[in-house]
Amino acid sequence: MQIDIGDKYALTADQFQYIVQEKKTVKEGKNAGSEYLSLVGYYPKLSQAITGLIHLDVQLSDVQSLQAMEQHINRISLQCEQAFTEKA
């Protein structure tokens, strides 16, 4: 299972956990330009994985106010909702 969340993240799972990964692009070498997944974290519950993804993305953003943070969180939440709706 792999569910792409926006252009930046992917959610995968195995029998034990949910795995949040960030999509990155190889910059050098023979595989330059190809995409790979970089581990963000392991989570035992789906709700924790989504919360962890939102938390990370907010920390990496350049929001300067609580209102901007709320809008950022809403945007990520909508991307998650769309990703799960498309997979269903």
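Residues numbered from 1 in each chain as written. Predicted model: local features only at pLDDT ≥ 70, side-chain atom pairs only at ≥ 80, totals over all residues. Heavy atoms only, no water.

Caption draft 1: Just the overall build of the protein chain, in detail. Scanning the protein chain for helices and strands turns up two helices and four strands. Over its C-alpha atoms, taken along the principal directions, the protein chain stretches across nearly 45 × 30 × 25 Å. Sorting the 88 residues of the protein chain into buried and exposed places 27% on the buried side. Restricting the contact set of the protein chain to residue pairs at least 6 apart, pairs at least 24 apart contribute 30%. Mean positive and mean negative side-chain charge positions of the protein chain (8 and 11 charges, respectively) differ by 5 Å. (Helix = DSSP H or I, 4+ residues; strand = E, 2+ residues; numbered from the N terminus. Buried < 20%, exposed > 50% of the residue type's maximum accessible area, 1.4 Å probe, protein only. Contact = heavy atoms within 4.5 Å. Lys, Arg positive; Asp, Glu negative; His and termini not counted. Charge placed at Lys NZ, Arg CZ, Asp CG, Glu CD.)

Caption draft 2: Structural view of the pairing of strand 2 (residues 9-13). In terms of burial, strand 2 is a largely internal element, four of the five residues being buried. Strand direction decides the pairing type here: strand 1 (residues 2-5) and strand 2, joined by four bridges, are antiparallel. The partner of I3 across the bridge, within strand 2, is L11. Counting the residues in the hairpin turn of strand 1 and strand 2 gives three residues, including G6, whose phi is positive at 65°. With five bridges joining them, strand 2 and strand 3 (residues 18-25) adopt antiparallel strand pairing. Counterpart to Y9 in the pairing with strand 3 is E22. Where strand 2 folds back onto strand 3 in an antiparallel hairpin, the turn is made up of four residues. (Pairing = 2+ DSSP bridges.)

Caption draft 3: Highlighting the nonpolar core. Within the largest apolar cluster, 14 residues are counted, with the highest numbers of intra-cluster contacts made by I5, L11, V20 and L53. Counting only elements with at least two residues in this core, the list comes to strand 1, strand 2, helix 1 (46-60) and helix 2 (66-87). Considering each element in turn, this core owes the most residues, five residues, to helix 1. If we skip the residues at most four places from it in the chain, L11 touches M1, Q2, I3, I5, Y18, I19, V20, L46, A49 and F84. (Core = buried A, V, L, I, M, F, W, Y, C linked by side-chain atoms within 4.5 Å.)

Honestly, that's just the spatial picture; any functional story needs more than this.
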